[in-house]
Amino acid sequence: MKVSPDIGTIGRGLDLDIPSNRFAINVAVAAGIAGTIFGWAGDQTIPTAIITGAFWGIGSFMGWVTGRELHHDDPRPAGAAALLAPLGAAFLGEAGILMVVGIMITARITLNSTGRGLSRGEAALIVLLGLFIAREISGWAIAMVMAVGIARVAAKEYAPAGLRWGAFVLAAGATGVQAVTEGFVVPPIETAEPIAVAIGAVMGMGIAGRTVPEVNTDSGPTPPTASDQFVARLLAVAAVVAATLLSPNPGIVFPAAAALIALSLRRA
């Protein structure tokens, strides 16, 4: 991907000269149109149609972005995730987009696919996002995983001083937010869909196995390490499984689950 050097590590530009990037945009637009039609067919109101279309389109794009972080070298799994994500919205329920963003960012900073490391300012933004989504118990689970991601980055030699305090503040703060909102009430699992999504995410990661990245980071002369890619996938699957099983909506983070499921399309 083509990037601007001042975007940082959690942001990334999008070069439309690259075929896989154009594919992702085209699929997201098509998903948005399909979602709009689906929403209109449901209750025939314009607000519902627009909102449904937006969720489908954004969900498709987030599935693709997450897939690109989970398989650094091969765009095929990300493309499959872009196609799977709107299907999940149709059959399982609309995703919590900010929760999916939290999972994607955790994968990105853990993999360090941009090669620029995580700044204290960016860590502060991640903490704020984690505190916001922690109002729901599924979001709290994702916030815990985000805190682990920050803590891992803080252990790197290139990490700025004091970054580990961001992990502590996020973990403690998210726990406090959840305690005063939902109070750690776990909804019962009443259908098989959440279990199926969780199993699919775990199996997708297992099928992919541990690979050695070959493509360089955006701004560095070397590729990410195999261990960082494995940890990025491990944190993503932990967040997806926890959030899915803790929410009454089995589609709550399905775009991220789709990215994990699609890992089975790894490069041979």
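The rules behind the values
Residues numbered from 1 in each chain as written. Predicted model: local features only at pLDDT ≥ 70, side-chain atom pairs only at ≥ 80, totals over all residues. Heavy atoms only, no water. Helix = DSSP H or I, 4+ residues; strand = E, 2+ residues; numbered from the N terminus. Expected span 1.5 Å × (residues − 1). Buried < 20%, exposed > 50% of the residue type's maximum accessible area, 1.4 Å probe, protein only. Phe/Tyr/Trp six-rings, centres within 6.5 Å; stacked < 30°, edge-to-face > 60°. Contact = heavy atoms within 4.5 Å.

1. Concerning helix α4 (residues 97-111)
With 15 residues, α4 ought to run about 21 Å at 1.5 Å a step, and its terminal C-alpha atoms sit 21 Å apart, in line with that. Most of α4 sits out of view: 14 of its 15 residues are buried. Just downstream of α4 lies N112, where phi reads positive at about 55°.

2. Some remarks on unusual backbone geometry
With a phi close to 55°, N112 is a non-glycine residue in the positive phi region. By the element assignment, N112 lies in the loop between α4 and α5 (120-133). We note that F184 has phi near 60°; this positive angle belongs to a residue other than glycine. Inspection of the secondary structure assignment puts F184 in the loop between α7 (163-180) and α8 (193-208). Classification of F184 as partly exposed rests on a relative accessible area of 32%.

3. Considering the packing of aromatic side chains
Counting across every chain of the model gives four aromatic pairs. Each ring, one from F38 and one from W56, has its centre 5.1 Å from the other, and the planes form 35°; the classification is tilted. With F38 in helix α1 (residues 19-43) and W56 in helix α2 (residues 46-70), the pair connects residues that are 18 residues apart, well separated along the chain. Their ring planes at 90° and their centres at 5.2 Å tell us that W140 and F184 sit as a pair that is edge-to-face. Remark: F184 occurs in the loop between α7 and α8 and W140 occurs in helix α6 (residues 137-154); sequence separation between them is 44 residues. In this structure W140 comes out as partly exposed when scored by relative accessible area, which is 22%.

4. Some words on the environment of A232
Inspection of the secondary structure assignment puts A232 in helix α9 (residues 226-246). Along the primary structure A232 and M104 are separated by 128 residues, whereas in three dimensions their C-alpha atoms are 9.2 Å apart. Every residue in contact with A232, bar those within four places of it in the chain, is listed here: L70, A107, T110 and L111.

5. Here we look at the side chain of T244
Within the secondary structure, T244 is located in helix α9. Residue T244 is classed as buried on the basis of its relative accessible area of 1%. With sequence-adjacent residues up to four places away left out, T244 is seen in contact with P194, V197, P250, I252 and V253.

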